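Inside the fold
So the chains spell out like this:
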Amino acid sequence: MESDEEQKSVESRVAPPDLSCPKCNGLLPSKLGKIRCVLCDVEVNVEHKLTRKKWLEEKISCPACSTVLIAGVDDRPCHLKCSTCEIIFELKPHVKKVEIQCKKCDRKIRMNKRPGKRKISCPSCQEPLIIRF
Ligand SMILES: [Zn+2]
Ligand SMILES: [Zn+2]
Ligand SMILES: [Zn+2]
């Protein structure tokens, strides 16, 4: 069942704080270390000790046997091996969610917070909305 194991992953609950690009002021990708701004292509070095510490100490439930493990790795994504069932799974970066409101019908729409500009249409009234972070 190789393909089955490859799909096992857990999303980290810890994310670095929102940081804006020093050049274009846009939202930087939610990562640490060397990051490239997806908006203006500048490369910045971002460090956040508290996030690294939380990543290191984060408790993760094994996706196969539910044993609680301590991540022990201060980077995301990373791979962890369960000490009980010995599967290797991916610990993925946390995906930040935001709630925006349709300017026409006030419907609230939940979406992933990613840098850049996106055009969506409201699921209720089809109003085109431009989202920018
Ligand atoms: Zn930028
Ligand atoms: Zn396990
Ligand atoms: Zn709407």
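Details of the structure are given in the entry above.
Computed from a predicted structure; not experimentally measured.

Definitions and limits used
Residues numbered from 1 in each chain as written. Chains lettered and ligands numbered in written order. Predicted model: local features only at pLDDT ≥ 70, side-chain atom pairs only at ≥ 80, totals over all residues. Helix = DSSP H or I, 4+ residues; strand = E, 2+ residues; numbered from the N terminus. Rg over C-alpha atoms; globule rule 2.2 N^0.38 Å. Buried ≥ 20, exposed ≤ 12 C-beta atoms within 10 Å, placed from the backbone. Contact = placed C-beta atoms within 7 Å. Core = buried A, V, L, I, M, F, W, Y, C linked by C-beta atoms within 7 Å. Pairing = 2+ DSSP bridges. Axes fitted to C-alpha atoms, helices over the stretch in contact; angles between N-to-C directions.

Thoughts on the overall build of the chain
Scanning the chain for helices and strands turns up two helices and eleven strands. The helix and strand sequence of the chain, counted from the amino end, reads α-β-β-β-α-β-β-β-β-β-β-β-β. Expected size for 133 residues packed as a compact globule is a radius of gyration near 14 Å; at 18 Å, the chain overshoots this value by more than 25%. Burial analysis of the chain (133 residues in total) assigns 12% to the buried set. The long-range fraction of contacts in the chain, counting pairs at least 24 apart against all pairs at least 6 apart in sequence, stands at 29%.

Observations regarding the nonpolar core
Formed by Trp55, Ala71, Leu80, Phe89 and Leu91, the largest nonpolar core amounts to five residues. Among residues more than four places away in sequence, those in contact with leucine 91 are Val10, Ser12, Ile60, Ala71, Arg76, Pro77, Cys78 and Leu80.

Overview of the environment of lysine 23
As for its placement among the helices and strands, lysine 23 is situated in the loop between strand S1 (9–11) and strand S2 (33–36). Its 13 C-beta neighbours within 10 Å are what place lysine 23 among the partly exposed residues. Between the C-alpha atom of lysine 23 and that of glutamate 43, which follows or precedes it by 20 residues, the distance is 9.7 Å. Discounting chain neighbours no more than four positions away, the residues touching lysine 23 are Cys37, Cys40 and Val42.

Observations regarding the sheet that holds strand S6 (residues 78–81)
On the basis of which strands lie adjacent, the open sheet formed by three strands has the order S1-S7-S6 and mixed pairing. Edge positions in the open sheet fall to S1 and S6, since each of these has one partner strand only. Strand-to-strand, the axes of this sheet are offset by a mean angle of 30 degrees, without reference to chain direction. Both S6 and strand S7 (residues 88–92) contribute to a ladder of four bridges, which runs antiparallel. Across the sheet, the residue bridging to histidine 79 is glutamate 90, located in S7.

Some points on the pairing of strand S10 (residues 117–121)
Remember that side chains alternate between the two faces of the sheet whenever the strand is regular. When you tally the buried positions in S10, you get zero out of five residues, a small fraction of the element. Relative to strand S11 (residues 128–132), S10 runs antiparallel, the two sharing five bridges. Bridge assignment links arginine 118 to a residue of S11, and that residue is isoleucine 131. What sits between the antiparallel neighbours S10 and S11 is a turn of six residues, in which glutamine 126 has the positive phi angle 65 degrees.

Section: the environment of leucine 50
Its place among the elements puts leucine 50 in helix H2 (residues 49–57). Between the C-alpha atom of leucine 50 and that of proline 17, which follows or precedes it by 33 residues, the distance is 9.8 Å.

Here we look at the pairing of strand S9 (residues 108–112)
Little of S9 is tucked away, with zero of its five residues classed as buried. Pairing of strand S8 (residues 97–101) with S9, which is carried by five bridges, proceeds in the antiparallel orientation. Bridged to isoleucine 100 within S9 is isoleucine 109. What sits between S8 and S9 in their antiparallel hairpin is a turn of six residues, with aspartate 106 showing a positive phi close to 65 degrees.

These values are about where atoms sit, not about what they do.
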